[in-house]
Amino acid sequence: MKSLAAAILLIGGAAISTAASAGAVITNGTVSLGVNDLGALNYGGVGLKYNVTGGDSTVYGCTCEGWGAAIASTGVAGYQNTSVGTGGLSLVSFTSTASTAISVSRVLNASGAAILEVTHNYHPLSTTSALYADDVSIKNLQTFAIASGDLRYRRVMDWDIYPTAFNEFVTIQGVPGALGIANGSNLLHTTRDGFSSSNPLASSHRLLGATACAQDDANFTDCGPDDHGALFDFNFAAVGAGETIKFTTYYGAAGTEADADLARRMVDGDASDVEIGIYSYGQANVAGGPTTGVPNTFIFGFGASGGVFIPPGGDVPEPGSLALAGLGLAGLAAARRRRAK
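In this report, the structure presented in the accompanying data block is examined. (Residues numbered from 1 in each chain as written. Predicted model: local features only at pLDDT ≥ 70, side-chain atom pairs only at ≥ 80, totals over all residues. Heavy atoms only, no water.)

1. Description of the sheet that holds strand β3 (residues 31–36)
Okay, so step 1: Spatially, β2-β3-β4-β5 is the arrangement adopted by the four strands of the open sheet, whose pairing is antiparallel. The open sheet terminates on both sides in strands that have one partner only, identified here as β2 (23–27) and β5 (55–56).
Okay, so step 2: In terms of strand pairing, β3 meets strand β4 (residues 48–50) through three bridges, oriented antiparallel. When the bridges of β4 are listed, Val31 appears paired with Tyr50. (Pairing = 2+ DSSP bridges. Helix = DSSP H or I, 4+ residues; strand = E, 2+ residues; numbered from the N terminus.)

The following block contains the structure:
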């Protein structure tokens, strides 16, 4: 089995700048994504679209889908969200084909120096047409290490689910009992507030409501109907100078909840295990919508098990080694021992 820590922590190469464009609409035939040049969704009237019904899940009303990366101790953040706001980023390159899109951007400090380079690589999966993968790489451009827990990443979206936008059911699952890298989890915070800033250092607001599922940092199923979404904050083990962490997010849609559940198991082509362990579903407020998932269940998730990221193409670690692997300690220690011999 591959070492999870070794797969997550890599030496990153320099990005090659190319001519930038404003974004692209890409599709695998079943799912379409509108990807902005800085890497967030919602471009050209498309966010996350299920071609079978023709319905979208993020473009109606508030186009509040976005991402952000930050170093908490310095207060420096870069983030992109077409509706809530964008800041602290410079574009390195954007390239696309009919089915893929790659965005490379840099997070800038107050003096304009680049401290992080963030790549979002959107591509179809050969194992299921219900999902798109977004391989995310965050490189430390500084000459010194980022301390454990200091590097943050946020992904947030306002679910507006076809055909009942602004009135949908939302599920968040995969939240472990202990949050934060100090407790062995990359997941730091969750909420159903899809209207928050994409800045990982900005506060996110608990949405008030009468339903018991209106809780932050907790799992819930079919919360709603309401106008709401999902937000996930992550932190990471220490990242050395010039090093890169990698993980994968997923966007998709299926005609039923059962098919969405299957898609989360088919990332590696083997339905016996689950690759997308942290996720949110958005479902319409129609008969059977929150229970069977018709006419479309939209999917957003992370390659993770027990709150710990699985790198692109990586193996799921055995439970006994999960926490150490996620923290990046076991692989680093082994590598140092090998170099010392």
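2. Describing the sheet that holds strand β14 (residues 187–191)
Okay, so step 1: Taken in spatial order, the five strands line up as β7-β6-β12-β16-β14 in an open sheet, and their pairing is antiparallel. Here the strands that pair on one side only, and so sit at the sheet edges, are β7 (76–81) and β14. Taken pair by pair, the neighbouring strands of this sheet meet at an average axis angle of 10°, ignoring direction.
Okay, so step 2: Where strand β6 (residues 66–71) lies against strand β12 (residues 151–158), six bridges are found, and the strand directions are antiparallel. (Axes fitted to C-alpha atoms, helices over the stretch in contact; angles between N-to-C directions.)

3. With respect to the environment of Ala130
Okay, so step 1: If you trace the backbone, Ala130 turns up in the loop between β10 (114–124) and β11 (131–140).
Okay, so step 2: In contact with Ala130, other than residues within four places in its own chain, are Val31, Tyr251, Gly252, Ala253 and Ala263. (Contact = heavy atoms within 4.5 Å.)

4. Some words on the side chain of Ser280
Okay, so step 1: You can see Ser280 is positioned in strand β18 (residues 278–284).
Okay, so step 2: At a separation of 2.9 Å, a polar atom in the side chain of Ser280 contacts the main-chain carbonyl oxygen of Thr171.
Okay, so step 3: Once residues within four sequence positions are removed from consideration, Ser280 is found in contact with Trp159, Val170, Thr171, Ile172, Ala230, Phe232, Phe298, Ile299 and Phe300. (Polar contact = N/O pair within 3.5 Å; in protein donor to acceptor, adjacent residues only side chain to side chain.)

5. Regarding the pattern of salt bridges
Okay, so step 1: Here the structure, examined in full by the defined rule, presents six salt bridges.
Okay, so step 2: Note that Arg155 is salt-bridged to Glu65, the shortest N-O span being 2.9 Å. Separated by 90 residues along the polypeptide, Arg155 in strand β12 and Glu65 in the loop between β5 and β6 bring together distant segments of the chain. The residues Arg155 and Glu65 share a single accessibility class, namely buried.
Okay, so step 3: Here the salt bridges share partners, and the residues they tie into one network are Glu65, Asp134 and Arg155. (Salt bridge = Lys/Arg side-chain N within 4 Å of Asp/Glu carboxyl O. Buried < 20%, exposed > 50% of the residue type's maximum accessible area, 1.4 Å probe, protein only.)

6. Comments concerning the packing of aromatic side chains
Okay, so step 1: The full count for this structure, using the stated rule, is 14 aromatic pairs.
Okay, so step 2: Centroid distance Tyr122 to Tyr251: 6.2 Å. Interplanar angle 40°. Geometry classified as tilted. With Tyr122 in strand β10 and Tyr251 in strand β17 (residues 243–254), the pair connects residues that are 129 residues apart, well separated along the chain. For the pair Tyr122 and Tyr251, a shared accessibility class is recorded, and that class is buried.
Okay, so step 3: Residues Phe234 and Phe302 carry aromatic rings whose centres are separated by 4.4 Å and whose planes lie at 55° to one another, so their mutual orientation is tilted. Here Phe234 is found in strand β16 (residues 229–235), whereas its partner Phe302 is found in strand β19 (residues 297–302), with 68 residues between them in sequence.
Okay, so step 4: On the basis of relative accessible area, Phe234 is assigned to the buried category, the value being 0%. (Phe/Tyr/Trp six-rings, centres within 6.5 Å; stacked < 30°, edge-to-face > 60°.)

7. Some details on the state of the cysteines
Okay, so step 1: The full count for this structure, using the stated rule, is one disulfide.
Okay, so step 2: Note that Cys62 is cross-linked by a disulfide to Cys64, the S-S spacing being 1.4 Å. (Disulfide = S-S within 2.5 Å.)

Shape is all these values report; function is a separate question.
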